[in-house]
Amino acid sequence: MSMSMTEKAKLRSMSTMTLLYLALVVSFTMTTAALLSYWRVQDIFAQLYRTNLSEYVTNHGRRQEKFFETVSLNLETAAGFLENRIEQLRNLPPEQIDLLFSDIFEKKNDGTYRVRLDHFKGRIHPDGYFIQDITGLASIERADASPFYRLTLVAMHQVLRENGLAMSYRYAGMYYHMPEGHFMIYWKGQPAGLDVEATTDFDSLDWNTLAWPQNNPDRTSKWTDPYYDEIVNQHLITAVRPIDIEDQHVAAVNYDIIWEQFQEKTKELNLFGSDSFLFNNKGGVILAPGQTLRSNHKKGITIASQTQTSKYSDIFNIFQNKKNGDVVYIPEYKQYMSVWRIAGPDWLYVTSYPLEMSNKAALQISSLIIGIGALSLTFIVISLYFVLRGNLVLPLNKIARAARNIAAQNYGRIIPITSSKELYEISTDLNIMCERIRDREQNLRATQAELKRSNEELEKRVAWRTRRLNLEIEEREKAEEELKVINDRLTDIVENTFEFLWEMDENFRFTYVSDQRGSFTGLSHKLMLGKTRQEVATPEDLSNYPEKWRLYQETIENHRPLKDFEFHLERPDGMKLYMNVNGVPVFDADGTFTGYRGSATDITQRKEYEEELRQAKQQADNANKAKSEFLSSMSHELRTPLNGILGFAQLLESNKKNPLEEKQAKFVERIITCGTLLLDLINDILDLSKIEAGQISLSVESIPLSTLLKECEELIEPLLTEHNIRLELILNSDETPNILVDYTRAKQIITNLLSNAVKYNSANGSIKVTTSQLNNDFIRIAVEDEGIGIPDKVKPYIFEPFNRLGKEKTSVEGAGIGLTICKRLIEEMKGRLSFQSVEGKGSTFFADFPICTTEQTRTAQNIPTKKTHKDQSSSFASESTLLYIEDNPANLELMQEMIDEIDNITFHSAQTAEEGLVTAKELIPDLILMDINLPGMNGVEALTELKKDPATKEIPVIALSANAMSKDIKQGLKSGFVAYLTKPINLEKTLQQIKKFIGIDNGAT
């Protein structure tokens, strides 16, 4: 059936139809995608802006809170400085206080005392320190009438002199003031105390009245709202902290902060496009967008009282009861707002973000998508037009003409079409077909007879071939079914494991990635094909680990197996994954490299667990560090008063000039005993903390057991005598091998077990110590007593720290941590501690120490033995000079009394390191005793200065400090101290050290 010319004219071109159809499909797709993207992007941006706003307000609010907390802590410190200085000045004679007051103040005609001008402009005090930028105002009437008023002002001046410069780097001004408003201020370059009028009404100023008890009953730090201060001509906010002594309001310490600087810092940190507000707790606006500083300069009215609008009131009412970080959308203002309540000043910090910013960003992204889509559509249509026309339409037209020629029995050749393989094959086949048709026409008549004869044979062959084909089809179908089952099985296995499979070609580009890849990474396997592993890794991974990628490239280029290679991928949703890759090189039958084949595993969760473990360990390390610092501080604070208690008690006990009565001597002996017990408890607690923190230091060596036990027997002898207890020590030193222990810690363990056996023994009881060998691993030391035994119900708790098992109310002294320390120490030395006990009959504790398997034994000179001291002379052959640098008056008095017992030693003292350096250079003493924790320059810094000066660098310096942690002692000796003595002072040991170093300097032996 042929078509008419009219019908042919109505037919459309293939390229035109194809292009039109593709254009419609792509246009519809792009338009739909643009509309959906705008809606989705708008929602995403809205959520993103809300999240960012909440995070910003939270971070900024916490930063502000940290600032106010720091100021409060500084106020506490400054208040403590003044209280301590007042307490110190109370020990001085009134005449000396008056001299100090006169040096600071001069009387003015307006009825006030003012700090002398040179204290502001700068001068060097006769004692050597420099004074500058301090001014102040005081009442002549109050100063002349009250010695304590004058003492307090002197204390304020001294504290500002020492600390004002340091605080000026943080705050505009630091000052102390009386309840009446009279003040002492350190303000760099600002003569506030010189300029203030004598008639100023201080009772009307918040920075003064916030410290009054009726305005501050809980006596904590308070903040003023911003106000204008006429004295310094600045807008300020002030932190105020009252100072009470003996429940009386004595003074207050203030820090001034310039409001403009605070305001600028707050605005600089604003989120782009956002506005910030600050409200006080009454709803007054402290900071608002576009706000200018306005105030009544004469009366100092705060900014908060002058900036009120209905909008700000609405905002305050909405957020005053909201939680920190809450985000609220306010339709009236078309803005998102979030809040944070700043502790300290109790201010409300609110940040707003306009909705239009979110919509604008969403619209820009959607417009970009539409533009890209339009350009892509135009390019696709034009490209397809030329491709279809050149590669399909024109060649098909040639083929159509050739087909029409064949239909007209014109069998001439056509030009082969080379635009594509398929069209080339069609044109070639048409030429062959023409040749064959022509040949067949020529041979048709000749073959008709033969065809007839072979017809029957052909039919037979067809039948036979048909049967063969049917059999082949059946076999092929069966093989295809089996192959499908195998393929489905492998697919199920791959897709249900936590790994995916991959293959690469010889250029290291992916040629196959299993479909499971998408479920792991969110990336379609089609996106991976043709790319190298570097092209799918994150840029951060490539830039941060160049050496790893260099080794990777070297491995694959040398066709070596790839084992446990790890790298980062980023999912389309932004989530980063951590992948572990293994692979092997693939070679063909000729040994030619064809690529790689392997698997990859998502190890992101494992890495997250590892990171959580690392953070948990870091937190534990921080907790141990904080604990160590607390114990160090506790040790220092407890040893300081113990120094006075034990020191003076030892002086009383050893006073030969005025010996004590028998009853007094017993009391002093009891004081020393109790103080020593408290000191032992402190040391035990420090030992326990070091063991728990894994910081115990052990020197494990081969030790003869007999030497260890005999020294422990000598150490426990006084306690045996006191309680009338017999000790039976059964040794066989010829056969007992050495033990592998830390000598000092082993002695501590045995001595503690013997001490417990004495304390919990029966009256006139006995203790038996025996040794035995357990296989070839341990030597057992058994300590057996005849005491009260241990009840069964408390045996599980015997090694718990601070658990005395019901013996708290008995006369037996102890803290309940001795056995805990013993068990931890012996386990650190690879030993064991156990016990058995029968209530009412006694207990036996077993200490199992590891046997030393080497032939090396510790030489006798290395084993600590009980020390004997020569008789200590109480005088020196020639006059010697000793300088003690210590800020604690009680410690100075104790050392003075102790040195007074020795002839031919002149005692000098200094209360600060700076004063001590001057005195040392003037006297050139034979020995210096130095406290570590001194006001201003500390003891270590002072030692450095002494070593720098040729005149003083050879003077021996002994550290005498309450810092008794092992790290403190090591650091002190490393710094250059010839000895490091800890408080409380041991009278005998301290005198030995003094005589040792003074004797050396004097050439004594």
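The following paragraphs examine the structure supplied in this document. Since we're looking at a predicted model, the values are computed, not measured. (Residues numbered from 1 in each chain as written. Predicted model: local features only at pLDDT ≥ 70, side-chain atom pairs only at ≥ 80, totals over all residues. Heavy atoms only, no water.)

Moving on to the nonpolar core. Leu 82, Phe 105, Tyr 176 and Leu 278 are the most contacted members of the largest nonpolar core, which totals 60 residues. Here the element with the most residues in this core is helix α2 (residues 14-89); it accounts for 12 residues. Discounting residues that sit within four places of it in the chain, Phe 105 has contacts with Tyr 113, Arg 114, Val 115, Arg 116, Ala 138, Leu 153 and Met 184. With 41 residues, the next largest nonpolar core counts Ile 767, Ile 790, Ile 798 and Met 829 among its residues. (Core = buried A, V, L, I, M, F, W, Y, C linked by side-chain atoms within 4.5 Å. Buried < 20%, exposed > 50% of the residue type's maximum accessible area, 1.4 Å probe, protein only. Helix = DSSP H or I, 4+ residues; strand = E, 2+ residues; numbered from the N terminus. Contact = heavy atoms within 4.5 Å.)

With that settled, consider the packing of aromatic side chains. For the coordinates displayed, the defined rule picks out 32 aromatic pairs. Ring geometry for Phe 67 and Phe 68: centres 5.3 Å apart, planes at 75 degrees, overall edge-to-face. Residue classification places Phe 67 among the partly exposed residues on the basis of a relative accessible area of 28%. An angle of 70 degrees between the planes, with centres 6.3 Å apart, marks the rings of Phe 105 and Tyr 113 as edge-to-face. The burial state of Phe 105 is the same as that of Tyr 113; both residues are buried. Among the aromatic residues, those joined into a cluster by ring pairs are Phe 67, Phe 68, Trp 223, Trp 259, Phe 262 and Trp 347. (Phe/Tyr/Trp six-rings, centres within 6.5 Å; stacked < 30°, edge-to-face > 60°.)

Another point: the pattern of salt bridges. For side chains of opposite charge, pairing can occur when their charged atoms come near one another. Applying the stated criterion across every chain, the model contains 34 salt bridges. Asp 133 serves as the salt-bridge partner of Lys 188, at 3.7 Å between the closest nitrogen and oxygen. On the criterion of sequence distance, the pair formed by Lys 188 in the loop between β7 (183-187) and α7 (192-195) and Asp 133 in the loop between β4 (130-131) and β5 (134-139) is long-range, its members being 55 residues apart. What emerges from the salt-bridge pattern is a single network uniting Glu 547, Arg 550, Glu 554 and Arg 560. (Salt bridge = Lys/Arg side-chain N within 4 Å of Asp/Glu carboxyl O.)

Before going further, it helps to spend a moment on the sheet that holds strand β21 (residues 593-602). Spatial ordering of the open sheet is given by β18-β17-β21-β20-β19, a layout of five strands whose pairing is antiparallel. In this open sheet, the two edge strands, each paired with only one partner strand, are β18 (510-513) and β19 (562-570). Adjacent strand axes in the sheet meet at a mean angle of 30 degrees, parallel and antiparallel pairs treated alike. Sheet topology note: the β19/strand β20 (residues 576-587) ladder contains seven bridges and is antiparallel. (Pairing = 2+ DSSP bridges. Axes fitted to C-alpha atoms, helices over the stretch in contact; angles between N-to-C directions.)

Time to look at the packing of helix α3 (residues 94-104) against helix α6 (residues 147-168). At their nearest, the axes of α3 and α6 sit 9 Å apart, and the two run at 60 degrees to each other. The orientation of α3 with respect to α6, classified from their angle, is oblique. In the packing of α3 onto α6, the handedness of the crossing is left-handed. In this structure, α3 uses Ile 97, Asp 98, Leu 100, Phe 101 and Ile 104 to contact α6, whose residues at the interface are Arg 150, Leu 151, Leu 153, Val 154, His 157 and Gln 158. Classifying every residue of the contact of α3 with α6 gives seven nonpolar, two polar and two charged. (Parallel < 35°, antiparallel > 145°, perpendicular 65-115°, else oblique. Left-handed = near helix turned anticlockwise from the far one by under 90°. Nonpolar A, V, L, I, M, F, W, Y, C, P; charged D, E, K, R; others polar.)

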